[in-house]
Every structure is written in structure tokens, then in C-alpha cells.
Amino acid sequence: MGSSSNGDREDVEAAELSHLQLLSSISSRQESQQMSLLHHYFHAFRGFSAMLTESEASRLSGHDKVLSVFPDPVLQLHTTRSWDFLEVGSSEQARSQYHHPSNDVIIGIIDTGIWPESPSFSDEGVDEVPQRWKGTCMEASDFKKSNCNRKLIGARYYGIQSSISNGTGAESTKASGSPRDSVGHGTHTASTAGGSLVANASYYGLAKGTARGGLPSTRIASYKACTEEGCSGSVILKAMDDAIKDGVDIISISIGSSSIFQADYLHDPIAIGAFHAEQMGVLVVCSGGNDGPDSYTVVNTAPWIFTAAASSIDRDLQSAVVLGNGRTFKGSAINLSNLTRSKKYPLVSAKNAAANFTPADEARNCLPGSIDRTKVAGKIVICIDTDPMGSTRIKTLVVEDAKAKGMILISENQNGVPFDSGVFPFTQVDHVAGYKILKYISSAKYPTANILETTTVSDQRPAPTVASFSSRGPGDLTENILKPDIMAPGVAILAADIPKNDPGSVPFGKKPSKFSIKSGTSMACPHVTGAAAIIKSVHRGWSSSMIKSALMTTATFVNNEGKPLKNSSRSLASPHETGAGEISPYRALHPGLVFETTTKDYLMFLCYIGYSQKNVSSMASFKFRCPENSVGELISDVNYPSISISNLNRHGSARVVARTVTNVGPVNSTYVASVDSPMGLTVKVNPSKIDFRQNARRVSYNVSFDGKEAPGGYNFGSLTWSDGRHSVRTVFAVNVK
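Residues numbered from 1 in each chain as written. Predicted model: local features only at pLDDT ≥ 70, side-chain atom pairs only at ≥ 80, totals over all residues. Heavy atoms only, no water.

Going by an unreviewed UniProt entry, the protein carries the name CO(2)-response secreted protease-like isoform X3 and comes from Rhodamnia argentea. Quoted verbatim from the Sequence similarities (unreviewed entry) field of the UniProt record, the comment on the protein reads "Belongs to the peptidase S8 family." (UniProt positions renumbered as here; feature names shortened; annotations may be inferred.)

Here is the structure:
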């Protein structure tokens, strides 16, 4: 129902009564209608969720006070060394150099809940809870108020709720559930973003080191909005509304829709909640999705959302294959194998172990029901990965169920992303190694092999690289905003987890691990959140867009070999994969210049993309009118820290884009522009030198793009402003047609 006024925030009962009255105006139900209201939103924005028939929803959508009505979507979860790799510094530096109690940052994690007993949420050495905190620690049968502390300062959950009117508009709400995490995803993301220092953390000895979040002084508030089955959009909205009311500084959401079924901005619960969070000064960081490496797969692309892509770090988890002829091949896996190192086991291709009447291709892919267990029991089985119907998890379950000794997967999918097979011996090799292993099978009379237990390999090069699964731009809803925004570690990340004792997950004689290793843009998102918290702790007065700009314009665009970033295919990575580049948190503390993107800019964006004056006005917390000339190409003029032009006509005139920068460095500064553009694309900056003085903190400039000589398709480059101490880099993507 649009933006909230101050009165709406203060008078909860009046808001709930108005929702009930609105619902009754479109429904003929009497007693049952009182049970249909599920959630009220009244702090950051106005609205509610309810159980409605299609005809009731249709009537409600035509009401003057209603901005949008949409079915409640089910969104999906996007699922140590990483902070060292980002050069965040030593634990002492992270704790003391920038820390002051009044600057403690509160992060709201909307996810699957929290495991409060994890050492990552210890409050040892943490100051008292900030006085501005207004949240709560909800109790349940397995969760007490004492589970919260000075580190984990809040925990909410959203169960099955029913609303029973008491006749005054107020309601008594009963909810079932608990803030406790039963999946592990929320615990992992929370500890990555803001976990305490935990020495000698590891996953059964793998990836051993000090686990921590970006800044040890960060406070965490958990909002359990998801289960293993997914996340209700209406519950995510309620969690966002609560988080804003509770007083969080940053909201971290490692959740999103499918890239195939993306809703527009006014029907996307995360985009709606994030818009109103932005209006109230709360930064929202989201994962970009795991549907890569295809283009047009990135989600959570609203310009007011900080969208994260995933990268590798300089640590790898490898499990080698040793053949009977002595040859060894490197594989990627997380396996806690108990195979005897000195022994060799019979080796068989799944194609040669097909069940009766099973096509060979199904057997080669180790699909359910395709393998004759009498032919594979006690042997190591080789599977391939050419059928999208069979995930790695399914293949390992099929082979393990057939009583095989282990499995070798030949695949380039998820290259460099280790799969966790627990104690079952497993490894994944590339096509080159796979070809040689299959050749050995065909030539050896009694082929044998062994799969070695995973080892941690450090100082991997090149790193970072774009993760194969990380969703790519351009955005499907508009190509005139460059997405994703930024890249952060998301491959094989060690962080806290719930202790799991599932069969086959714990090595014999060991206790369940308090940590796990996960991959996904879900893991990249809390790294960006933690980096934003570092900046917020030093620059309390900076807006969300200033923090976002600082991280984007100081991002790293070279790897640890000093060469341009690459993707998992070893090709040069583009901004549609990396955004502005890899986060560099401490460089971002002193960016020199920032791009301030205001609520007015975001409202203009909604006008340009085609929303009506009525709808845009309802979103605003102040009087606002759309410009008469509101067309999609003007989106490129929104004051964003990157530039994207979806259609540059090579036969037309140059396209001119405007930007304004704010000086947050030395008062008297002069910056000079330099351009790195591809051959054929002419890029000019006017003026090419800008001066800042005491009374001139903001300066505007124009960038013109001429594609007469440029190759067709997207051309990528960057514009950098430098004063000799600061380099302020803006990446651009220009589609020449």
C-alpha cells in the first residue's frame, strides 16, 4: 500500500484496523475473514498479507489505496580464510583500529534462523547492547531469552500465524516455531557477516584457521523467515519491516527468486521491502543468484539493492585420484574418505554397469535406477555429467546406495566448487583428466584406483575468479543499471553451522563439526554485508548509497597474479560477471569521492521504467511527480556508481550520461579523469578535471559514448578519477547496435 507516514508507524492498532476494514470491503465472508489476515506491515511501509480467493484479490487490486497485489512467492536460499584474502587485516586490527562502542553496527540476517551456542556468537569482550536497539529475543521450547547475548542481540521467528480480532482492530497472534536454525544456512551467513573470532576453526581439519566476520564488534539480529523448503515472500516482508523497526543498520538477504520467473519491482517482496528500507537509511545487501554461467540470470537487481556475485579465494580443497598404474589426477571435493591410502579398488565406468533395459546414457550419468548394483558393489564408479536431470548429490546417492566404494565424476560444471560428500569417497575431475582415466579403464585388464581424502591447498593462482554458478548480468528487467554490483568470496567458505549428525556426514570417532564449508552467492552476500559494516562503523553518517559507492569504486579488478580478473572458464571476466570488481573493505574506508543515489533518483528510476504517477507517488514518503519525458533510456542517467547503456546506436549521435560525485576526502582536491575503453568505442569526459573546495563538495560531469567504430554487442571499460592519492573507478557496459 506504499510508503508509511509517521502516524502509521506510531499507531499500530489504527493501521491494523484499517487493514481489516479494507479487507472487509472486498469480502463477503464474515467470521472467516478474521482468520485470513496473516501479517501487517506498518513501520517502513503500509500493507498486509492475507488468505484471499482470486476474485477477492482482483477486487482488492482495483482499490484506490492499493499499490499492488500479488501471490505470495516462495523464494529460495542461494546457497575464515576469505577475510584474510580480502586483506581485512589481523584480528587485533579488526577489533581495535576502527572500533568505538558508539559505532557498533547492527546487522539483520533474514534467513533460516540461528544456532546460538556456536562459538561464533560468543559475546566475550563485546560491549553492552547499544541503547538504540529496540528488538527482542523471542522464546520457544528450544530457545530462551538467555540464548541471546551482547553479540546475538535479537532473534525473531515467523511461524504459522492466525489473527483473531478483539473488536478494536488489535489482534492476538499465535505463532508456532522457533528462532533456532534447523538448516544451517542462516547460522553460516550470520557468522560470515559478523561472527566473533574463533581460533583453530575447521571442518574436520579442513580449511583450518581463525573464523570471523568482517568486524568482531558487529552485533547480529536473526530473523527466521525460511525453512529448507524455501522462504515465503510475505514473511520476508514482515521480517524486513521488523528489522527496520528494531533498529538494524544493514539487512543481509541471501535469498532470491528464480532467474526464470522474476517479478517486476512492485511485485517482488524483497525489492519492495528494500526500497522502503533505503528510504529509512537501512542498506539492503542481497545475493545475485546461483544460475550462472548463463547471461540474464542475475536476480535482486533493483538499483536500491546492493547485489553480490561470488568469487573464489586463494585456497582450494582437492581430492586426488590415484590409478593402478601410478598416475595421479587432481580432483575437487570435500570428502572425509576412510579408504586405505595404500590400497587400490576395482574401477568401473557406470556405462559398463547399466541395469537391464537402461539406456547407456542414463547409466553413464548415474541416474536413479540406471545402475546394476551387482556390477558396482565394492568398486569405484566413474560417472559423467551431461544430463541436467541428475545433480551431483543425486549421483552420489545413487552410487552410494549401490554399495560402491567411491565415485569419480567427470564434469566441467561447477568447476572449482568442491562438493561435500561427507565420508563417502568422491572427487570431481575435468574432461582432460576424465578422458585419461577412461582410456586407462579400456586398456587395463584389471583397472584399479583410489580416491584420497581431501587436503587443503593454499596460495592458489589465479584468485579471485568468478564462480561458475554465480549469476550473470545484464539484468532481465532493465539493462540500463549494471548488475551485479560487486563480487565477494563465495566458494568453499568456512563458517559456523549447526552440528549435524546425519548418517555419513561425521567421520568415525569424531564429534559433529561446529563449522562447515559452503559455496554460493549466499556466502558472497554476507561478505559484502560485513564489508559494509566496517565502513558504517567508521562513517556513521554515511548513507547506504555512499557505502555502496565506496565499495564499488575501490573494488579490485586484478587477481593475485596482477592480471585482469578471469572467470571459471579462464576467460577474461566482464562487469556482467564481476560488477565493479572484488570488494576491498579497507580501501573503501577512504574512497575520495562517492556517488550519492537518493530516494528521488530511485523514484525517477521507477518513472523511467514505466510505472504510473499514482504508483510512484504512493511509494514516496514526500511529494513527488514523474518527469513528463519518462523513458527507459534515461535510467542510464540515474546517479549510480556504474554506467550501463542498453542501446547505443552506431549510426546515431553520441550518448551523453550525467553523473555527480561528492568529495569525502581532503577539502581542497583536484581530480583528473582517465578512460580505459575498448578499441572503437570513443569515450569522452567533460570536464576532464574537477576541483573541490570548502563550498563546493559536489561536482557534476558528463560522459559521452560514440560507437560508430565499435564492434556490435556489449563493450566494457572504465572511467577513473584520480587526485594522486585516491582512484575512483566507474565501470561501464555499453551495448552497441
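1. Quick word on the overall build of the protein
A tally of regular secondary structure across the protein gives 17 helices and 41 strands. On C-alpha atoms alone, the protein measures out to a radius of gyration of 27 Å, which is about the 27 Å that the 2.2 N^0.38 rule sets for 737 residues. Overall, the C-alpha framework of the protein stretches about 80 × 70 × 55 Å when taken along its three principal axes. Counting every position in the protein, which comprises 737 residues, the buried fraction comes to 59%. For the protein, the exposed surface amounts to about 29,300 Å²; the carbon and sulfur share of it is 50%. Each charge class in the protein was averaged separately, 71 positive and 67 negative side chains, and the resulting centres sit 6 Å apart. (Helix = DSSP H or I, 4+ residues; strand = E, 2+ residues; numbered from the N terminus. Rg over C-alpha atoms; globule rule 2.2 N^0.38 Å. Buried < 20%, exposed > 50% of the residue type's maximum accessible area, 1.4 Å probe, protein only. Areas by Shrake-Rupley, 256 points an atom, 1.4 Å probe, with all protein chains shown as cover. Lys, Arg positive; Asp, Glu negative; His and termini not counted. Charge placed at Lys NZ, Arg CZ, Asp CG, Glu CD.)

2. Describing the pattern of salt bridges
In total, this model carries 21 salt bridges according to the counting rule given. Residue Arg373 pairs with Asp401 through a salt bridge whose shortest N-O separation is 2.9 Å. Here Asp401 lies in helix H11 (residues 392–401) and Arg373 lies in helix H10 (residues 373–376), a separation of 28 residues in the sequence. For Asp401, a relative accessible area of 48% corresponds to the partly exposed category. Salt-bridge contacts for Asp459 lead to Arg461; the nearest nitrogen and oxygen are separated by 3.6 Å. Residues joined in a network through salt bridges with shared partners are Glu117, Asp142 and Arg180. (Salt bridge = Lys/Arg side-chain N within 4 Å of Asp/Glu carboxyl O.)

3. Describing the sheet that holds strand S21 (residues 345–349)
Strand order in the open sheet formed by seven strands is S19-S18-S26-S21-S22-S23-S25, with mixed pairing between adjacent strands. On the outer flanks of this sheet lie strand S19 (328–329) and strand S25 (426–429), each paired with one strand and no other. Where strand S18 (residues 321–323) meets strand S26 (residues 448–451), three bridges bridge the pair, whose relative direction is antiparallel. Each residue of the ladder has a partner; that of Leu323, found in S26, is Ala449. Most of the contacts of helix H12 (residues 431–443) go to S21, to which it runs at about 110°, and overall it touches S18, S19, S21, strand S22 (380–384), strand S23 (406–410), S25 and S26. (Pairing = 2+ DSSP bridges. Contact = heavy atoms within 4.5 Å. Axes fitted to C-alpha atoms, helices over the stretch in contact; angles between N-to-C directions.)

4. Observations regarding the environment of Thr662
When you line up the elements, Thr662 lands in strand S35 (residues 655–663). Among the residues examined, Thr662 registers a relative accessible area of 1% and is labelled buried. Between the C-alpha atoms of Thr662 and Pro507, which are 155 residues apart in sequence, the distance is 55 Å. Setting aside anything within four residues of it in sequence, one finds Thr662 in contact with Gly592, Leu593, Val594, Glu596, Arg697 and Arg698. Among the polar contacts made by the side chain of Thr662, one reaches the side chain of Arg698 at a distance of 3.4 Å. (Polar contact = N/O pair within 3.5 Å; in protein donor to acceptor, adjacent residues only side chain to side chain.)

5. Describing unusual backbone geometry
With an omega dihedral of 0°, the bond running from Lys483 to Pro484 counts as a cis peptide bond. Within the secondary structure, Pro484 is located in the loop between strand S28 (465–466) and strand S29 (486–489). Cis geometry is found at the peptide bond from Asn686 to Pro687, where omega equals 0°. Following the sequence through the fold, Pro687 ends up in the loop between strand S37 (682–686) and strand S38 (689–692). In this model, Asn200 sits at a positive phi of 55°, which is unusual for a non-glycine residue. By the secondary structure assignment, Asn200 is in strand S8 (residues 198–203). You can call Asn200 exposed: its relative accessible area is 59%.

6. Some words on the UniProt feature "active site" (unreviewed entry) in the protein
Taking the numbering used here, the UniProt-annotated feature "active site" (unreviewed entry) corresponds to Asp111, His185 and Ser522. Taken together, the annotated residues stretch across 412 residues yet fold into one region, lying no more than 10.0 Å apart by C-alpha. Topologically, Ser522 is positioned in helix H13 (residues 521–538). Of the polar contacts made by the side chain of Ser522, one reaches the side chain of His185; its length is 2.9 Å.

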